[in-house]
Amino acid sequence: MALPKAKEDATVARIAGLTRLEGAGWLDGAQADAITRLRAMGMPGRRDEYWKYTDPTSLASVDPVPAAVFDTSDEAPIFDGIDRLKVVFVDGVFDADASDDLSMEGIEIERLQDVAKTDIHWAKDLYGVLETRGQNPVDRPLAVLNTAFATDGIVIRATGKAAKPVHMIYLHKSDSSDAILHHLVKVEEGAELTVLESGPAAARFNQAMEVEVADRADFHHIRAQGRDHERRAVTHIFARLGTESLFKSFTMTANGVMTRNEAVIELTGDDASAHIAGAAMGDGDFHHDDTIFITHDAVNCESRQVFKKVLRNGATGVFQGKILVKAGAQKTDGYQISQSLLLDDDAQFLAKPELEIYADDVACSHGSTSGAIDDEALFYLRSRGVPAGQATDLLTLAFLAEAIDEIADEAIADEILSRLEAWLTRRRG
Amino acid sequence: MLEIKNLHVKLEEEDKQILKGVDLTVEAGKVHAIMGPNGSGKSTLSYVLSGRDGYEVTAGSATLDGEDLLEQEPEERAAAGLFLAFQYPVEIPGVGNMTFLRTAVNAQRKARGEEEMSAADFLKLVRAKAKDLKIDADMLKRPVNTGFSGGEKKRNEILQMAMLEPKMCILDETDSGLDVDAMKLVSEGVNALRDENRAFLVITHYQRLLNHIKPDVVHIMANGRIVKTGGPELALEVEENGYADILAEVA
Ligand SMILES: Nc1ncnc2c1ncn2[C@@H]1O[C@H](COP(=O)(O)OP(=O)(O)OP(=O)(O)O)[C@@H](O)[C@H]1O
Ligand SMILES: [Mg+2]
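My aim in this report is to walk through the structure given alongside it, one point at a time. From a predicted model like this one, the values you see are computed outputs, not experimental measurements.

Digging into the interface of chain A and chain B
- Listed by partner, the interface residues are 17 residues for chain A and 30 residues for chain B.
- Area buried by chain A at its contact with chain B is led by A:F379, A:Y380 and A:R384, which between them contribute 43% of it.
- Taken together, chain A and chain B are joined by four salt bridges.
- Counting across the chain A and chain B interface gives 11 residue pairs in polar contact (both at pLDDT 80 or more).
- Mapped by element, the contributors of at least two residues to the side of chain A that touches chain B are α7 (375–383) and α8 (388–404) of chain A.
- Ranked by the residues each element gives to the side of chain A that touches chain B, the list is headed by α7(A), at seven residues.
- When its residues are assigned to classes, the side of chain A that touches chain B shows 11 nonpolar, three polar and three charged.

Dropping the structure here:
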């Protein structure tokens, strides 16, 4: 089917405005193929159903809207206190000097453009593969664009229990940077890996991560987006889970004029678990969208989606979450909750929770709510001497607790909690 | 200590007068009880004193040690020494009981310009007080009142009172929902706090509680007013004959 003229023009212009890596071995072919797919699909437009609540214009435009570098020197960089292997990118370019030595017991870490020159490499069979699978039943053109034009990325293979987390730190130094990163992760049978991500990355950031979690493997992902206000980011996680595997992803977002985080997860082995959670806090010019698609395609799998947003001062939160249970995926246990706490009248939350079930022996539940601080609880706290502002913060953190509880590691959960607390405290002055 | 004069209160949202001229003085060191039919305004009085939204004071005053209570925020009243044990304690999922208690204790200390209590001191104190009230470690860890039984909630109110050491304690039907043993525990908790610088206003429907917590004065509230005041014998009279005689007498 031919694209509408305007969409075709926008797509041609976007592609023309980008440069690909040169001489990047097998990556050349994979990227050329993605460009072909992108031409056929077209860039996202305001009228696309999947972009009903979020305007993709600034994520899809030829040039990024400039974004001032945000000073966060009033607090220590997040995860600083946690023993981890640092992988640093500056405006989307890997910085070897700022990064740790990329070697660690239990894992192999390489740079995408380096492995592309190795003809026989597992990464070749993953690059763009899960992303392509994730294009069905809805188009995700910004992910195709990522596959086509990623200029950097990290390739991680865990063969055992990784000694410490791998931490991707995305620094932002240029007001007009437009970064496209593509990471590949393979957690081999029985292996365990934790990936941390943090930092504003660029004026505009398009990031994709394809994650293959093999049988009985565990993958943990904790991401901290914020506190910069002008950032525009679109991220995609594509994951495929094997038998008895565990996938856990948590994202904290503080501020950001435009953020869309998509996750597309397929449970393909029996007895697998996928948990995906988010705690987002927005004040003022804030638009935050979580778009999740979980497919159950095996027996006795469990999935949880827990998304909480605290919105004030005109901030907008969006949640689109779907659980698809395929025929034969019996004994599926699916749970989805999306909630917003509106701290004033002009904040808004738009939610589209969906269930599509083709198996008969499943237990799926979903719920979505939007509400204000509970007056009764607030009075109770104040009657015990807790000042109104502090009481509101306590109740706000209580609201977020169910999402934070999804983080398995206690030290990391504490770090996230302290950032959320600090965000609230700063707003109380 | 607590002085209420001609207090008139209506609902903010509705044209409904609930308190119609309450006069009540509670002296330091004393225990006063309020009894009265359902809907007579007892809880409303306790809420208005502690600063809950939704009420409008149309006339009268209430002071604590001479300070105007009605002008203050709820947290200021608490820091000034006012405490209300709720008739229906509120469940707060997501806020740990311990965190809540510690935040409250330290917020009050801070408001009074005192030093905050250290984590270690706090823990020691809360454990000791919880033990007296047979509140186990699990209840301390759980979210505030969430999933607590009726009796557990009431004991948790008394624990908060014991930790906060207020000078004016209002207990709104703290006895309802308590079994016989819990009633004894709670009464002992209250009696342990009795001293010459502290006063209690105990709202109850039953004489039984007053056997444990011996009141100095008993008031009968009806239709938004204190209609009769007497000694402990007044509570016995209510227990025997109900309110009909008293109401007829004052009508
Ligand atoms: N927020 C409110 N909205 C409507 N009516 C109210 C409200 N608060 C109090 N009332 C009414 O005011 C009257 C007094 O209520 P209150 O709870 O003070 O009585 P009480 O003496 O404590 O009764 P009980 O012994 O049953 O606890 C009742 O008729 C009650 O329905
Ligand atoms: Mg009452």
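Concerning the state of the cysteines
- By the definition in use, this model includes zero disulfides over all chains.
- With no disulfide of its own, A:C301 lies 11 Å from the sulfur of A:C364, the closest cysteine sulfur.

Let's talk about helix α6 (residues 141–149) of chain A
- Buried residues dominate α6(A), accounting for nine of its nine residues.
- Turning to α6(A), its buried residues number three or more, namely A:P141, A:L142, A:A143, A:V144, A:L145, A:N146, A:T147, A:A148 and A:F149.

Here we look at the pattern of salt bridges
All names here are of chain A.
- By the definition in use, this model includes 50 salt bridges over all chains.
- In this structure, E188 and R157 form a salt bridge, with 2.7 Å as the shortest nitrogen-oxygen distance. Of this pair, E188 sits in the loop between β7 (178–187) and β8 (192–198) while R157 is found in strand β5 (residues 154–158), placing the two residues 31 residues apart along the sequence.
- Between E406 and R304 there is a salt bridge, with the nearest N and O atoms lying 2.7 Å from each other. One end of the pair, E406, is in the loop between α8 and α9 (410–428); the other, R304, is in strand β16 (residues 302–312), with 102 residues separating them in the sequence.

Some details on the pairing of β5(A)
All names here are of chain A.
- For β5, the buried fraction is high: four of the five residues fall into the buried class.
- When β5 meets β7, the two strands line up parallel, connected through four bridges. Residue pairing across strands places A158 opposite V187, the latter belonging to β7.

Some words on the sheet that holds strand β4 (residues 107–111) of chain A
Residues and elements named next belong to chain A.
- Spatially, the 10 strands line up as an open sheet ordered β3-β4-β5-β7-β9-β11-β13-β15-β17-β19, and their pairing is mixed. This sheet does not close on itself; its edge strands, each paired only once, are β3 (103–104) and β19 (348–357).
- Examined bridge by bridge, strand β11 (residues 232–241) and strand β13 (residues 258–267) share 10 bridges and lie parallel to one another. Looking at the pairing, R232 lines up with M258 of β13.
- Running over the sheet, α6 touches β7, β9 (204–213) and β11 and is turned about 90 degrees from β7.

With respect to the side chain of A:T147
- Turning to its location among the elements, A:T147 is positioned in helix α6.
- With residues near it in sequence (within four places) discarded, A:T147 still touches A:Q31, A:A34, A:R37, A:Y127, A:G128, A:E131 and A:H182.

Here's the deal with the sheet that holds strand β2 (residues 17–26) of chain B
All names here are of chain B.
- The antiparallel open sheet is built from four strands, whose spatial order is β2-β1-β4-β5. If you trace the sheet from one side to the other, it starts and ends with β2 and β5 (67–68), each paired once.
- Where strand β1 (residues 2–11) and strand β4 (residues 55–64) come together, eight bridges link them in antiparallel fashion. For V9, the partnering residue across the bridge sits in β4 and is V57.
- Its contacts with the sheet place helix α1 (residues 42–50) against β1, β2 and β4, and it is angled at close to 105 degrees to β1.

Criteria and thresholds
- Residues numbered from 1 in each chain as written.
- Chains lettered and ligands numbered in written order.
- Predicted model: local features only at pLDDT ≥ 70, side-chain atom pairs only at ≥ 80, totals over all residues.
- Heavy atoms only, no water.
- Contact = heavy atoms within 4.5 Å.
- Buried area = accessible area lost by both parts, 1.4 Å probe.
- Salt bridge = Lys/Arg side-chain N within 4 Å of Asp/Glu carboxyl O.
- Polar contact = N/O pair within 3.5 Å; in protein donor to acceptor, adjacent residues only side chain to side chain.
- Helix = DSSP H or I, 4+ residues; strand = E, 2+ residues; numbered from the N terminus.
- Nonpolar A, V, L, I, M, F, W, Y, C, P; charged D, E, K, R; others polar.
- Disulfide = S-S within 2.5 Å.
- Buried < 20%, exposed > 50% of the residue type's maximum accessible area, 1.4 Å probe, protein only.
- Pairing = 2+ DSSP bridges.
- Axes fitted to C-alpha atoms, helices over the stretch in contact; angles between N-to-C directions.

Taken by themselves, the reported measurements are silent on function.
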